[in-house]
Each structure stands twice: as C-alpha cells, then as structure tokens.
Amino acid sequence: MFFDKTRHNLPASTDMATKTPEEPYECKHCGKFFNHLSACKQHERIHTGEKPFTCKHCNKCFSQLGNCQQHERIHTGEKPYTCKHCDKCFSQSGLCKQHERTHTGEKPYACSHCNKSFSSSSHCREHERIHTGARPYSCKHCRKRFNHLGNCKKHERSHTGEKLYTCKHCKKSFSSHTYCKEHERIHTGEMRHTCKHCNKCFSSSSYCKKHEQTHTGEKPYSCQHCNKCFSQLAHCKHHERTHTGEKPYRCKHCKKSFGSSSVCKRHERTHTGEKPYSCKHCNKCFSQLENCKRHERTHTGEKPYTCKHCNKSFRTSSTCKQHERTHTGEKPYSCKHCNKCFRRLENCKGHERTHTGEKPYSCRHCNMYFSQLAHCKHHERTHTGEKP
C-alpha cells in the first residue's frame, strides 16, 4: 500500500530513513516503528502497563486480546485446535503445532551455542539461557530472577497463594497447570510418556526425561560454585544452595525454612497428616510420591537401579548410590561441628543433632520428641501396636 505524505500532513523533508511506507506507525515512548497500527498500540502497552481486556469468568486483565482469549479457555475447557495426526485437541494453535512435531520429529530450532535442536522456539531460547546465564524475568514481590517466564509466574504464586488450576476429580487446587495435570493422572492412571530406551511409561513428560537420563548419563547442569554436574536443573539449584545457605521456602505451620520447594511441601505434610499418594496394589497411602513408588515395588519386585561396579540391583536410586559408595569409599557428607564424614546425608544430619541437641520429630500421640525420624516412628508403634 502506497503511503501519501501530503495526505497525512507530513512535511516533504521528513526523514524516512527508519520510518518507511511499510512501517508508518511509531511508538510514542521509544520510537520503534510498526507496519500495523494494532501492533504499535499493543507494543505501547508494554510501556503504559495498560490491560484493557478482562476475562469474562474472573477479573484477570490482559494487555492483548489473544492472551485473554487463551486464558478464558482455561475456564471453558474449549480446545479448538486439533492435531492432524491424532485426535488430540489444544486450546492454543502454538501448542497444537508443537505437539504435531512429536509425530513428525521436526526440530526446526537450533541452539546458537551447541548443536542441540528443538521442536519449539521457546524451548530453544530457554536452553540457550543455560549457556548465557540470562535470567530476564524477575519476581514482582522479591528480587529473585528466572530464566523462564512460567517459573517466574509459578514462583510469584508462592507469595500470593493463588491456585488457578483445580483437579476435575477431587477439587484440589494447584498454582501450576502442569502440576494439576500430573495430579489428575493419579486418578486416571494415564501414562502418556514412554522411555525411548526401555519402554517404561510415565504420567509426566518431566519424569520420563529424568528417567531417560539414567540411561544416557547426561548431566547438562553444572554448579556455579564447584564443578559438580547434574541431570536435573532442580537438583543443581538445590545443590547450589548448600554453598549459599539460601533457604527460600518456609513452612506455613512452623516457619521452618528449606532450600527446596519439594522438601518444604513434604515437611508440611508432617503437620497436616496429608497422604495424597495411594498404592495401586493395596490401600496403603503415603505423604511422598517416592515412598509410594518404592512401596509398590515391594509388590512388583521391580529393581530398576543397577550398581555400576557389581551389577547388583536396587528398588531405589538413593539405595543404589549408597551401595556404590561401598565400592568407591566416597563419603561426601561431613559434619559441620567435627568434620566426621558420612556416606549418607541422613546419617550426617542425625550425627549433627548429637552436637546441637535438636529433636525435630514429635510423637503424634504424646509430647515426646526425637532427634531421628526412625526413632520417632518406632516409638509411635508403642501407641498404635502397629508391626511394620
């Protein structure tokens, strides 16, 4: 389309070196040019913070109509986009296209620092931040920074307590859509993700990827303070806090602080008594998913973890690692008070309490306190008569 200067009352001498007929609309705040008025208006809202679009179902506001419509589908459940290869439906066009690449194997986005390729541009950008260390997203409530917008939003909900996503089966609420979907699969038993190496199935993509790394030995995340490498980013972050002493997660019931969100949640269940995980083979319930999985293997006899040195198999990864240290002699945990070293973290923590006198475990039936969980459990059975 031809852009007529005289018709728009522009002087003949106007400098069009950056402002071209193809991009006639200029941002009032930063001078950036756009080829559509709507794109310019949308960009200006980054500067003004204006959010003119409101969800019909709640009072949440958005700067872009498309984002508002996507959000409304969380309420309505509408999924207008269907995969060409299967009947799976999606609420967003981008998610549908990304899913279709799981059928075609297409990975059009390549990391600019290594040769790794991705099916999604956002996943590629997130990966590149591992190389650059960029953390462009900051929490509105504290100064913590994140390399992923979703993680930043999720963290902000730890301040606000907001839980947008509700389980269809038990009405339990979650701060993360991913957590909600993973929880719902506990009810449905759905296992959508299969390991490429051993055909084992998982309810969550993240669990499947974690498991696959036990086959490949890949450890892409390295500690900023030492050269230790990890297969999972969360484990790396958790390890780094052993250097910094940071404990950003606080129990709602007793103000105790933790370096890991999952450890904090696990601790909170000692107050609430909640046991959300139930065995598929009997009615026994557990407060921790790992304990439930471990218990289920007593029914199935499965021992998926094998020692690198003697081929002995184990039901749990931690037991396997502890056993491997009997071969290597490694004792990675040292007491803060006397430098005594231990193969197991629990033994180190238990030993440290002999110095501090701390007794964090209390009997549910009387006021007696214990320095070790096993001693507390053993004592509680004197009340219940339970035989383990």
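Residues numbered from 1 in each chain as written. Predicted model: local features only at pLDDT ≥ 70, side-chain atom pairs only at ≥ 80, totals over all residues. Heavy atoms only, no water.

Peer 1: Sorry, what's going on with the overall build of the protein chain here?
Peer 2: Counting its regular elements, the protein chain contains 13 helices and 26 strands. For 388 residues, the compact-globule estimate of 2.2 N^0.38 gives 21 Å, and the C-alpha radius of gyration of the protein chain, at 27 Å, exceeds that figure by more than 25%. With the C-alpha coordinates aligned to their principal axes, the bounding extent of the protein chain is approximately 95 × 50 × 45 Å. Taking the contacts inside the protein chain whose residues are at least 6 apart along the sequence as the reference set, 6% of them involve residues at least 24 apart. When the accessible surface of the protein chain is split by element, carbon and sulfur atoms take 48% of a total near 26,400 Å². Positive and negative side-chain charges in the protein chain, numbering 75 and 35 respectively, have mean positions lying 7 Å apart. (Helix = DSSP H or I, 4+ residues; strand = E, 2+ residues; numbered from the N terminus. Rg over C-alpha atoms; globule rule 2.2 N^0.38 Å. Contact = heavy atoms within 4.5 Å. Areas by Shrake-Rupley, 256 points an atom, 1.4 Å probe, with all protein chains shown as cover. Lys, Arg positive; Asp, Glu negative; His and termini not counted. Charge placed at Lys NZ, Arg CZ, Asp CG, Glu CD.)

Peer 1: So what exactly am I meant to see when it comes to helix 6 (residues 177-188) here?
Peer 2: One full turn of an α-helix is made of 3.6 residues, so residues set three or four places apart face in the same direction. The terminal C-alpha atoms of helix 6 lie 17 Å apart, and with 12 residues this matches the ideal 16 Å at 1.5 Å per residue to within 8%. Buried residues of helix 6: C180, E182, H183, E184 and R185, and no others. Along its buried surface, helix 6 packs onto strand 11 (165-166), strand 12 (173-174) and helix 7 (205-216). Phi turns positive, to about 75 degrees, at G189, one or two residues after helix 6. (Expected span 1.5 Å × (residues − 1). Buried < 20%, exposed > 50% of the residue type's maximum accessible area, 1.4 Å probe, protein only.)

Peer 1: What should I look at first to understand the side chain of R325 in this one?
Peer 2: Position of R325 among the secondary structure elements: in helix 11 (residues 317-328). The class of R325 is buried, set by a relative accessible area of 12%. The contact partners of R325, leaving out residues within four places of it in the chain, are E330, P332, Y333 and R343.

Peer 1: What is the right way to read helix 13 (residues 373-384) from this model?
Peer 2: Between its first and last C-alpha atoms helix 13 spans 16 Å; for 12 residues at 1.5 Å apiece the expected length is 16 Å, and the two agree. Buried positions along helix 13 lie against strand 25 (361-362) and strand 26 (369-370). A positive backbone phi angle near 80 degrees is found at G385, which sits one or two residues after helix 13.

Peer 1: Just to check I follow, could you spell out the side chain of R157 for this structure?
Peer 2: With respect to the element layout, R157 can be found in helix 5 (residues 149-160). Setting aside residues no more than four positions away along its own chain, R157 makes contact with E162, L164, Y165, S175 and S176.

Peer 1: Is there a simple way to explain unusual backbone geometry in this structure?
Peer 2: Excluding glycine, residues mostly carry a negative phi; peptide bonds, for their part, are mostly trans. Of note in this structure, N311 is not a glycine but carries a positive phi near 65 degrees. Tracing the chain through its elements places N311 in the loop between strand 21 (305-306) and strand 22 (313-314). Within the chain, N339 stands out as a residue other than glycine whose phi angle is a positive 65 degrees. Here N339 shows up in the loop between strand 23 (333-334) and strand 24 (341-342).

Peer 1: Can you walk me through the environment of H351 in this structure?
Peer 2: Looking at where H351 falls in the secondary structure, it is placed in helix 12 (residues 345-356). Separated by 17 residues in the primary sequence, H351 and S334 have C-alpha atoms spaced 9.8 Å apart. Residues contacting H351, with those up to four places away along its chain left out, are C335, C338, K340 and F342.

Peer 1: How should the confidence of the model for the protein chain be read in this particular structure?
Peer 2: Close reading of the predicted structure is inappropriate where its pLDDT is low. Considering every residue of the protein chain, the mean pLDDT works out to 85; 94% of them sit at 70 or more. Here residues 1-17 is a poorly scored stretch, pLDDT under 50, and it has 10 contacts once near neighbours within four places are set aside; other chains count. (pLDDT = per-residue confidence, 0-100.)

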